[in-house]
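Here is what each chain is made of, one letter per residue.
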Amino acid sequence: MEHPETKAPPLVYLETYGCQMNIADSELITGILRRAGYGSAARPEDADVILLNTCAIREHAEERALGRLSDLARLKHRRPNLRLGLLGCVAQHNRARLVEKAPGLDLVAGPDSYRRLPEFLGQAGFDPIVDVRLDRGETYAGLGADHGVGPRAYVTVMRGCDRFCAFCVVPYVRGRERSVPPDAVVRECRELAASGVREVILLGQTVNAYRFAEVDFGRLLRMIAAIDGIERIRFTSPHPSDMSAGVIEAMAAEAKVQPHVHLPVQSGSDRMLVAMERGYTVAQYLELVQRLRRAIPGLALSTDIIVGFYGEDEDDFEATVALMREVGFDSAFTFKYSVREHTRAYRLGDSVSEAEKAQRLSAVIALQESISLARNQAEISKVRDVLVEGPARRGGGMLSGKTPQFKTAVFPGTPGLGAGDTAAVRIVSASSHSLTAIPA
Ligand code: 5AD
Ligand code: SF4
């Protein structure tokens, strides 16, 4: 009897840079390629295809990706059949220029090109393929991502951004805003629940701008909250101006929506907020914080802050410091402004020196450390439900997971307790980055 020919599947090694959207996109890419017959390689040395999914938000991120690309291109000397692809935001940002910059590159594909990856990788030939067409309609709805293991999963609900903040390259590299049909989102969440996922993090560049026909983000939250097995719902990142009463009401009404909002403020100076074209004032932001805190007891808030945007003077910076103190964020991602080609602020250039930016950045980091510590210490003696993710890195039978406020809590395990279970714990000590607890 003849045996069917068994050929080892080609192996793909995929490396991911940047935000949660990119992590989710890589899960999608892995799903697309697996269904097309590709296997996964754990190391670039073992792969037939190497893909980098890249981030262009700041120059540093882009340089890192390009540096890594030229390292990996060296593997081609020994393995001429190896194919090398650059995906994601850096691909979209640099387009065909990349082919000249990075010899050895076989494929340049932007965020709306992933559906065609099997076709591109299947093509023989020596000319690099560049596909960076943005597609207003592409949501990858129902395409099926290979979600990672664990009780938490990312679910992309909208893509792109229509806001065009002056500093930001996202609208240029990820294109116009579009939402995934709600039935596709609900189906994906149901499947995740059936596979053991307990918490979903809904993703979108301006996630609360979600709208599909008459379903807005508040409605979507309620639809997902109705799914059995999904115990916790989070989302990132909302834009302050899209935080409608309906969204706040849904967050307050649905116990599954967790009491944590990542609400990027960028600056505490009205002058800077206008220059950044953020669409709100400091007073409006503070008013929103107040409404959220009133509606959602125990709410944790985190934010993004940029220092050294074009024109930021000492007073503007001090206004940011004052806002951080006033709100008392639980945590903050802080960045030095990085000039990005294509953006509205690009032609202005840089007005704050690198040394000044670095100094302002250290100051906001130090300030946030002390605020985070105080916010975490205020958790001491409280009882919180932790969704267990697994053994803590510090070992010793300790488990780790997140509180509803999305703070990492580490506590001694008890028999039978494991990933995906929820445990009530009492917080006994706190650092600026995590909480230590005991079973309550
Ligand atoms: N320079 C510095 N930080 C930036 N961000 C976006 N664009 C830039 C830039 N050009 C930050 C913003 C945003 C986060 C994802 O990255 O704070 O909220
Ligand atoms: Fe960038 Fe502004 Fe859109 Fe956020 S809302 S992705 S900062 S343009």
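If you're wondering where the values come from, they're calculated on a predicted model, not measured in any experiment. (Residues numbered from 1 in each chain as written. Chains lettered and ligands numbered in written order. Predicted model: local features only at pLDDT ≥ 70, side-chain atom pairs only at ≥ 80, totals over all residues. Heavy atoms only, no water.)

Q: I tried to follow the sheet that holds strand E19 (residues 408–412) on my own but got confused; where do I start?
A: The strands that make up a sheet are held in pairs by hydrogen bonds between backbone atoms, and each pair lies either parallel or antiparallel. Strands sit in the order E17-E18-E19-E21-E20 around a closed barrel of 5 strands; the barrel is mixed. Between one strand axis and the next, the sheet turns through 50 degrees on average, direction left out of account. Here strand E17 (residues 383–391) runs beside strand E18 (residues 398–402); their pairing, made up of 4 bridges, is antiparallel. Paired with Leu387 across the two strands is Lys402, which belongs to E18. (Pairing = 2+ DSSP bridges. Helix = DSSP H or I, 4+ residues; strand = E, 2+ residues; numbered from the N terminus. Axes fitted to C-alpha atoms, helices over the stretch in contact; angles between N-to-C directions.)

Q: Please explain the site of ligand 2 as it appears in this structure.
A: Near ligand 2, the surroundings consist of Cys161, Arg163, Phe164, Cys165, Phe167, Cys168, Val170, Pro171, Gln205, Thr206, His239 and Arg278. Of the residues in the shell around ligand 2, the class split is 7 nonpolar, 3 polar and 2 charged. (Near = heavy atom within 4 Å. Nonpolar A, V, L, I, M, F, W, Y, C, P; charged D, E, K, R; others polar.)

Q: Teacher, can you tell me more about the packing of helix H12 (residues 282–295) against helix H13 (residues 314–327) here?
A: Axis angle and axis distance: for two packed helices, these are the angle between their axes and the distance between the axes, and together they describe the pair. Packing of H12 against H13 leaves a shortest axis separation of 12 Å and a crossing angle of 15 degrees. Taken together, the axes of H12 and H13 lie roughly parallel to each other. As for the relative orientation of H12 and H13, their crossing is right-handed in sense. In this structure, H12 contributes Val282, Tyr285, Leu286, Val289 and Arg293 to the contact, and H13 contributes Leu323, Glu326 and Val327. Counted by class, the contact of H12 with H13 contains 6 nonpolar, no polar and 2 charged residues. (Parallel < 35°, antiparallel > 145°, perpendicular 65-115°, else oblique. Left-handed = near helix turned anticlockwise from the far one by under 90°. Contact = heavy atoms within 4.5 Å.)

Q: For this particular structure, what's the right way to read H12?
A: Two residues of an α-helix separated by three or four positions point the same way, owing to the 3.6 residues in each turn. A rise of 1.5 Å per residue sets the reference length of H12, with its 14 residues, at 20 Å; its end C-alpha atoms lie 20 Å apart and thus fit the reference within 8%. Those residues of H12 that sit buried are Val282, Tyr285, Leu288, Val289 and Leu292. Buried residues of H12 fall within an arc of 125 degrees about the axis and therefore sit on the same side. Seen from the open side of H12, the exposed residues pointing more than 90 degrees away from its buried face are Ala283 and Arg294. Next to the buried residues of H12 lie helix H10 (245–253), helix H11 (270–275), strand E15 (300–307) and H13. (Expected span 1.5 Å × (residues − 1). Buried < 20%, exposed > 50% of the residue type's maximum accessible area, 1.4 Å probe, protein only. Arc of directions from axis to C-beta.)

Q: What's the story with the pairing of strand E20 (residues 422–430) in this structure? I'm lost.
A: Successive side chains on a regular strand alternate, one facing one side of the sheet and the next facing the other. As judged from the 5 bridges shared by E17 and E20, these two strands associate in the antiparallel manner. Looking across to E20, one finds that Leu387 is bridged to Thr422. Two elements, E20 and strand E21 (residues 434–439), share 5 bridges in a ladder whose sense is antiparallel. Within the sheet, the bridge partner assigned to Arg426 lies in E21 and is Ile438.

Q: Can you help me understand the site of ligand 1 in this one?
A: What surrounds ligand 1 is the set Ile57, Arg58, Phe167, Gln266, Asp304, Ile306, Phe335, Lys336, Tyr337, Ser338 and Arg340. Gln266 has a polar side-chain atom sitting 2.6 Å from an oxygen atom of ligand 1. At a separation of 2.6 Å, an oxygen atom of ligand 1 approaches a polar side-chain atom of Asp304. In the complex, the protein chains occlude 86% of the 400 Å² of accessible area that ligand 1 would expose alone. If you list the elements that add at least two residues to the shell around ligand 1, you get E15 and strand E16 (331–336). (Polar contact = N/O pair within 3.5 Å; in protein donor to acceptor, adjacent residues only side chain to side chain. Areas by Shrake-Rupley, 256 points an atom, 1.4 Å probe, with all protein chains shown as cover.)

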